[in-house]
There are 2 protein chains.
Amino acid sequence: MEILITNDDGIYAEGISVLASALKKAGNVTVVAPDTQRSAVGHAITIADPLRVVPAKRNGKFFGYAASGTPADCVKLGIKSIMKKRPDLVVSGINLGGNLGYNVLYSGTVSGATEGALLGIPSLAVSLDTFTKPDFTAAAAFSLKLAGMVKKRSLPPGTLLNINIPNIAASRIKGVRITNQSRTSFNDWFDKRTDPHGNTYYWMTGDFKPSDADQASDLNAIRAGYISVTPIQFDLTDYKFIPELERWKLTL
Amino acid sequence: MEILITNDDGIYAEGISVLASALKKAGNVTVVAPDTQRSAVGHAITIADPLRVVPAKRNGKFFGYAASGTPADCVKLGIKSIMKKRPDLVVSGINLGGNLGYNVLYSGTVSGATEGALLGIPSLAVSLDTFTKPDFTAAAAFSLKLAGMVKKRSLPPGTLLNINIPNIAASRIKGVRITNQSRTSFNDWFDKRTDPHGNTYYWMTGDFKPSDADQASDLNAIRAGYISVTPIQFDLTDYKFIPELERWKLTL
């Protein structure tokens, strides 16, 4: 099995190292990841600038390819220019911080897996729901297990799995729930500040605005101590609203 | 009616000027747009850097606010820090180049409207399907008309309208079609080159890979000379695949 790994925390993050070690038990791993952190890049790609790719070492040994682009760039580069064989699986992660609800739209981690899915390859996004004191054990073990399942069962073309894992000891995880994307988002605002030269600038900040009405959601699974697996696809059409919109009888 | 306008071609692009002029007939227009082109940024937001906002003039008169961020940043800034009243409508465009099929995932234009919709405001993304010799007349007229319709009829929370307009004379446009997002994408690859210092770099390039099997799609509407209006929403859950995934009986 040929496996392409990327992330958005950058090639020197702990999560991608743990993931690569775990997935080596399932096949040949190629790492192509951003040379620095690229969080909240959405599904950005780099078209106006050249992309640089350099070999990256960890612990004195070759680890993978560091690219001057986004996670989506890395997946495109990996598949189209770096790997000799087309991968059987793309895995993005393990991200520090959950990717739940509408936040998947801003997520570089999910966008890496999105690019894999758009290119017709079964893809997973894996995120650990914490920013501090991560315990990647369960996330690594589950990624390996899921890689085997996806190889056996496959995924529909264009569908990826968005996996979120609670940051608790593997023994305390209650199980796995298949979930839907919740309506959770960030409630954000801007700090208006003045720089040392007297100029105004803004800095985005915010807090998590949980929406927990929906029992089957990604957020509720995580909160209850379960691994959340959400199948995601990219036809954004709001089919339910089409009949109403037809009644508007729009003309130029 | 309070209207917030953004784009991804930058505040000095022709399309946003034409749009602002047209929408002034519908209400008070505030322009907050990127200071330079931000195409293919996906739904990126800027959290690791400060954002600068400066007044921008066109033809010697104040036109709007130029921000050092993405279209999504601009919409957040406009709503949360710049406008005194919450807007009744967000319009992103008029983009040079169609935003059809899976390319909406990469689109800065659509992401501006996405941010508006996520913040609970009726939002439109408007794109003209050409990169050369644009005729914005029909796009401007239709944007104004649609602004009035949306005010009257509203949109479901979280749903935006993605509008694509063929680059032909208004008199030749055959009408308006309510469409779904097609499976159209770019077929892209990388040019591998060597810089003047002997270092390798890659440059992404590609061509349009039309998928026209689906008669009701955005692409087919444009090709047939119609304005395409696609309602878009952001619950990406692949509900159809959930029953199958449940049968995998996943465990840690």
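Residues numbered from 1 in each chain as written. Chains lettered and ligands numbered in written order. Predicted model: local features only at pLDDT ≥ 70, side-chain atom pairs only at ≥ 80, totals over all residues.

Colleague: Help me out: how do you make sense of the overall build of chain A in this one?
Modeller: Broken down by element type, chain A carries six helices and 11 strands. Overall, the C-alpha framework of chain A stretches about 60 × 55 × 45 Å when taken along its three principal axes. Residues counted as buried form 54% of the 252 residues belonging to chain A. (Helix = DSSP H or I, 4+ residues; strand = E, 2+ residues; numbered from the N terminus. Buried ≥ 20, exposed ≤ 12 C-beta atoms within 10 Å, placed from the backbone.)

Colleague: Could you clarify how one ought to interpret helix H4 (residues 137–153) of chain B in this entry?
Modeller: All names here are of chain B. A rise of 1.5 Å per residue sets the reference length of H4, with its 17 residues, at 24 Å; its end C-alpha atoms lie 24 Å apart and thus fit the reference within 8%. On the buried face of H4, the contacting elements are strand S1 (2–6), helix H1 (14–23), strand S5 (89–96), strand S6 (123–128), strand S7 (160–165) and strand S11 (226–232). Serine 154, located one to two residues past H4, shows a positive phi value of around 65 degrees. (Expected span 1.5 Å × (residues − 1). Contact = placed C-beta atoms within 7 Å.)

Colleague: Mind showing me how you'd approach the sheet that holds strand S7 (residues 160–165) of chain A here?
Modeller: Two pairing modes exist for strands in a sheet, parallel and antiparallel, and in both the strands are linked by backbone hydrogen bonds. All names here are of chain A. Strand order in the open sheet formed by nine strands is S3-S4-S2-S1-S5-S6-S7-S11-S8, and the pairing between neighbours is mixed. Edge positions in the sheet fall to strand S3 (53–58) and strand S8 (175–178), since each has one partner strand and no second. Along the sheet, successive strands turn relative to each other by an average axial angle of 25 degrees, direction set aside. Relative to strand S5 (residues 89–96), strand S1 (residues 2–6) runs parallel, the two being bridged by four bridges. When the sheet's bridge partners are listed, isoleucine 5 is paired in S5 with valine 91. (Pairing = 2+ DSSP bridges. Axes fitted to C-alpha atoms, helices over the stretch in contact; angles between N-to-C directions.)

Colleague: I'm lost on the packing of helix H1 (residues 14–23) of chain A against helix H4 (residues 137–153) of chain A in this one. Help?
Modeller: Between two packed helices, the angle of one axis relative to the other and the distance separating the axes together describe the packing. All names here are of chain A. Axis separation between H1 and H4 bottoms out at 9 Å; the angle between their running directions is 45 degrees. When the axes of H1 and H4 are compared, the pair comes out oblique. Considering only the axes of H1 and H4, their crossing is right-handed. Between H1, through Val18, Leu19, Ala22 and Leu23, and H4, the contact on the second element is made entirely by Ala140, Ala141, Ser143, Leu144 and Ala147. A per-class count over the contact of H1 with H4 returns eight nonpolar, one polar and no charged. (Parallel < 35°, antiparallel > 145°, perpendicular 65-115°, else oblique. Left-handed = near helix turned anticlockwise from the far one by under 90°. Nonpolar A, V, L, I, M, F, W, Y, C, P; charged D, E, K, R; others polar.)

Colleague: Is there a simple way to explain the relation of the copies chain A and chain B in this structure?
Modeller: Once chain A has been moved 0.0 Å along the axis and rotated by 180 degrees, it coincides with chain B to within an RMSD of 0.0 Å. Taken together, the rotation and translation relating the two chain copies correspond to the operation of a two-fold axis. If distances are taken from each C-alpha of chain A to the rotation axis, the shortest is found for glycine 42 of chain A, at 2.5 Å. Interface residue correspondence from chain A to chain B reaches 100%, placing this contact among same-surface, isologous pairings. (Least-squares fit on C-alpha atoms with pLDDT ≥ 70 in both.)

Colleague: It is not clear to me how the packing of helix H2 (residues 71–82) of chain B against helix H3 (residues 108–118) of chain B should be interpreted in this structure. Could you clarify?
Modeller: Residues and elements named next belong to chain B. Where H2 meets H3, the axes come as close as 7 Å, and the angle between the chain directions of the two elements is 30 degrees. By the criterion of interaxial angle, the relationship of H2 to H3 is roughly parallel. Remark: the crossing between H2 and H3 carries right-handed chirality. For the pair H2 and H3, contact is made by Pro71, Ala72, Cys74, Val75 and Lys76 and by Gly108, Thr109, Ser111, Gly112, Glu115 and Gly116, respectively.

Colleague: When you look at the nonpolar core in this model, what are you seeing that I'm missing?
Modeller: General note: in soluble globular proteins, nonpolar side chains tend to be found buried as a group. The biggest cluster of nonpolar side chains holds 150 residues, and the ones touching the most others in it are Ile5, Leu19 and Leu23 of chain A together with Ile5, Leu19 and Leu23 of chain B. Each residue touching leucine 23 of chain B, except ones within four places of it in the same chain, is listed here: Ile3, Ile5, Val29, Val91, Ser143, Leu144 and Ala147 of chain B. (Core = buried A, V, L, I, M, F, W, Y, C linked by C-beta atoms within 7 Å.)

Colleague: I tried to follow the environment of lysine 24 of chain B on my own but got confused; where do I start?
Modeller: All names here are of chain B. Topologically, lysine 24 is positioned in the loop between H1 and strand S2 (28–34). In this structure lysine 24 comes out as exposed when scored by C-beta crowding, with 12 C-beta atoms within 10 Å. Separated by 21 residues in sequence, lysine 24 and isoleucine 3 have C-alpha atoms that sit 8.7 Å apart.

Colleague: It is not clear to me how the sheet that holds S7 of chain B should be interpreted in this structure. Could you clarify?
Modeller: All names here are of chain B. Pairing is mixed in the open sheet, where nine strands are placed in the order S3-S4-S2-S1-S5-S6-S7-S11-S8. Each of the sheet's edge strands pairs with one partner strand only, and the pair in question is strand S3 (53–58) and strand S8 (175–178). Adjacent strand axes in the sheet meet at a mean angle of 25 degrees, parallel and antiparallel pairs treated alike. By the bridge criterion, four bridges tie S1 to S2 in an arrangement that is parallel. Residue pairing for S2: isoleucine 3 is matched across the bridge by valine 29. Relative to the sheet, H1 contacts S1, S2, S3, S5 and S6, its axis offset from that of S5 by approximately 140 degrees.

Colleague: Looking at this structure, I do not really get the interface of chain A and chain B. What am I missing?
Modeller: The accessible area lost on association of the parts is a frequent measure of interface size. The interface of chain A with chain B comprises 67 residues on the first partner and 67 residues on the second. For the side of chain A that touches chain B, the secondary-structure elements that each account for two or more residues are helix H2 (71–82), helix H3 (108–118), H4, S8, strand S9 (185–194), strand S10 (200–209), strand S11 (226–232) and helix H6 (242–246) of chain A. Along the lines of polarity and charge, the residues of the side of chain A that touches chain B split into 42 nonpolar, 16 polar and nine charged.

Colleague: I keep staring at unusual backbone geometry and nothing clicks. Help me out?
Modeller: The general pattern is negative phi for most residues beyond glycine and trans for most peptide bonds. Residue and element names in this part refer to chain A. That bond from glycine 93 to isoleucine 94 is cis: its omega, -10 degrees, falls within 30 degrees of zero. Note on placement: isoleucine 94 falls in strand S5. Of note in the backbone geometry, alanine 40 takes a positive phi value of approximately 55 degrees without being a glycine. Looking at where alanine 40 falls in the secondary structure, it is placed in the loop between strand S2 (28–34) and S3.

Colleague: Would you mind showing me how to read the pairing of S3 of chain B here?
Modeller: Remember that side chains alternate between the two faces of the sheet whenever the strand is regular. Pairing of S3 of chain B with strand S4 (residues 61–67) of chain B, which is carried by six bridges, proceeds in the antiparallel orientation. Along S4 of chain B, the bridge assignment pairs proline 55 of chain B with tyrosine 65 of chain B.

Colleague: Looking at this structure, I do not really get the confidence of the model for chain A. What am I missing?
Modeller: Detailed reading of predicted coordinates is not advised where the pLDDT is low. Mean pLDDT over chain A works out to 95, with 100% of the residues at or above the 70 mark. Taken together, the chains of this predicted complex give a pTM of 0.95 and an interface ipTM of 0.93. (pLDDT = per-residue confidence, 0-100.)

Colleague: Help me understand H3 of chain B, please; the structure alone is not making it clear to me.
Modeller: Every α-helical turn comprises 3.6 residues, leaving residues that sit three or four positions apart pointing alike. With respect to burial, H3 of chain B is a largely interior element, 11 of its 11 residues being buried. Those residues of H3 of chain B not exposed but buried are Gly108, Thr109, Val110, Ser111, Gly112, Ala113, Thr114, Glu115, Gly116, Ala117 and Leu118 of chain B. Looking at the buried positions of H3 of chain B, the neighbouring elements they touch are S9 of chain A together with S1, H2, S5, S6 and S7 of chain B. Following H3 of chain B by one or two positions, glycine 120 of chain B adopts a phi angle in the positive range, close to 85 degrees.

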